[in-house]
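Okay, here's what each chain looks like letter by letter:
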Amino acid sequence: MKARARRSAATTLAAAALATMASGCINTDAAVFVEPSIAAPEATVSANALGPGLTASFALELHLGARASGPSRVAVRTFAITSADQKTSIVEPLLVETTAALPVEVAPDSDVAVAFTVDTGAQGGTLPADAAAALCAAEGIRITGAIEDSLEDGATPVASAVFHADCP
């Protein structure tokens, strides 16, 4: 009798294991809050008659895993351009524009990308000469920022990889 019960339990466990393997992989994505990243950062410093100008673009990528408690509304707090070591702000705040309606909703087990652009000339401004020099530093620069995730209290920081601006 005990041998039959053990065989029955073993058969049930084996069947469950086969069913799990047949249905695909278990989603192990642990992102229960939005994970932001900055992709494809680009910047161009230009020499204009009134002073240096800046055009830039980047994508804010937002990821939310399947285990999240529900969708998140993500708002952008701020963006800046900093030195590569993030110790010095070069352009802050970075006045960005996007065609997407903000805040954006990120559903569980999904990714959302929002494209941003900067054009100081279109905004009627220029950069200080020292900012232009810092943007063109050999060490490179980063775009940094913060988002607000409705699933989490406080701000979540985000930073791009180090990149180099196109300079005159």
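Before reading on, note that the structure itself is shown above.
In what follows, the accompanying structure is described. Being a predicted model, the structure only gives us computed values, none of them experimental. (Residues numbered from 1 in each chain as written. Predicted model: local features only at pLDDT ≥ 70, side-chain atom pairs only at ≥ 80, totals over all residues. Heavy atoms only, no water.)

1. Here's the deal with the overall build of the protein chain
Filter applied, for reference: Here a strand is any run of E in DSSP of at least two residues, a helix any run of H or I of at least four, and the numbering for each starts at the N terminus. Working rule for contacts: check all heavy atoms of both residues, and any pair within 4.5 Å makes them a contact. Methods summary: accessible areas were calculated by the Shrake-Rupley approach with a probe of 1.4 Å, and residue burial reflects only the protein chains presented.
When its secondary structure is counted, the protein chain shows 2 helices and 8 strands. Taking the contacts inside the protein chain whose residues are at least 6 apart along the sequence as the reference set, 67% of them involve residues at least 24 apart. On the protein chain, roughly 9,800 Å² of surface is accessible, and the fraction owed to carbon and sulfur atoms is 56%.

2. What about the nonpolar core?
Looking at soluble globular proteins, one finds that nonpolar side chains tend to be buried together. This is how the line gets drawn: To define a nonpolar core, start from buried Ala, Val, Leu, Ile, Met, Phe, Trp, Tyr and Cys residues and group those joined through side-chain atoms within 4.5 Å. Burial classes follow relative accessibility: with a 1.4 Å probe on protein chains only, a residue under 20% of its type's maximum area counts as buried, one over 50% as exposed, and anything between as partly exposed.
Ranked by internal contacts, the top residues of the largest apolar core, which has 32 residues, are L54 and L135. Counting residues per element, the ones that place at least two in this core are β1 (35–48), β2 (51–64), β3 (72–83), β4 (89–91), β5 (104–106), β6 (110–119), α2 (129–135) and β7 (141–149). The leading source of residues in this core is β2, at 6 residues. With residues up to four places along the chain from it excluded, the contact list for L54 reads A43, T44, V45, I81, V91, L94, V118, D119, T120, L127 and L135.

3. A few points about the pattern of salt bridges
As a reminder of what qualifies: A side-chain nitrogen of Lys or Arg and a carboxyl oxygen of Asp or Glu constitute a salt bridge if their distance falls within 4 Å.
In this structure the tally under the stated criterion is 1 salt bridge. For E148, the salt bridge goes to R77, with nearest N and O atoms at 2.7 Å. Placement of E148 in strand β7 and of R77 in strand β3 is noted, with a sequence separation of 71 residues between them. The exposure class of E148 is partly exposed, given its relative accessible area of 33%. With a relative accessible area of 49%, R77 lands in the partly exposed category.

4. As for the layout of surface pockets
Going by this rule: Here a cavity denotes a set of grid points, spaced 1 Å apart and computed over the protein atoms alone, in which a 1.4 Å probe fits but from which it cannot get out, and a pocket denotes an open set meeting protein on both sides within 12 Å along at least five of seven lines; residues with an atom within 4 Å of a point are reported as lining. Grid points are joined across faces, edges and corners, and a volume is the space filled by probe spheres set on the points. Only Asp, Glu, Lys and Arg are considered charged, only Ala, Val, Leu, Ile, Met, Phe, Trp, Tyr, Cys and Pro nonpolar, and every remaining residue, Gly among them, polar.
Taken as a whole, the largest pocket spans an internal volume of roughly 160 Å³. What lines the largest pocket is a set of 14 residues, among which V91, P93, T120, T126 and L127 lie closest to the centre. Classifying every residue of the lining of the largest pocket by side-chain character gives 10 nonpolar, 4 polar and no charged.

5. Focus: the environment of N48
Rule in force here: Whenever two N or O atoms come within 3.5 Å, that pair is a polar contact, provided that in protein one can donate a hydrogen and the other can accept it, and provided that, for residues adjacent in sequence, both atoms are side-chain atoms.
Inspection of the secondary structure assignment puts N48 in strand β1. Separated by 73 residues in the primary sequence, N48 and G121 place their C-alpha atoms 9.0 Å from one another. At a separation of 3.5 Å, a polar atom in the side chain of N48 contacts the side chain of S46.

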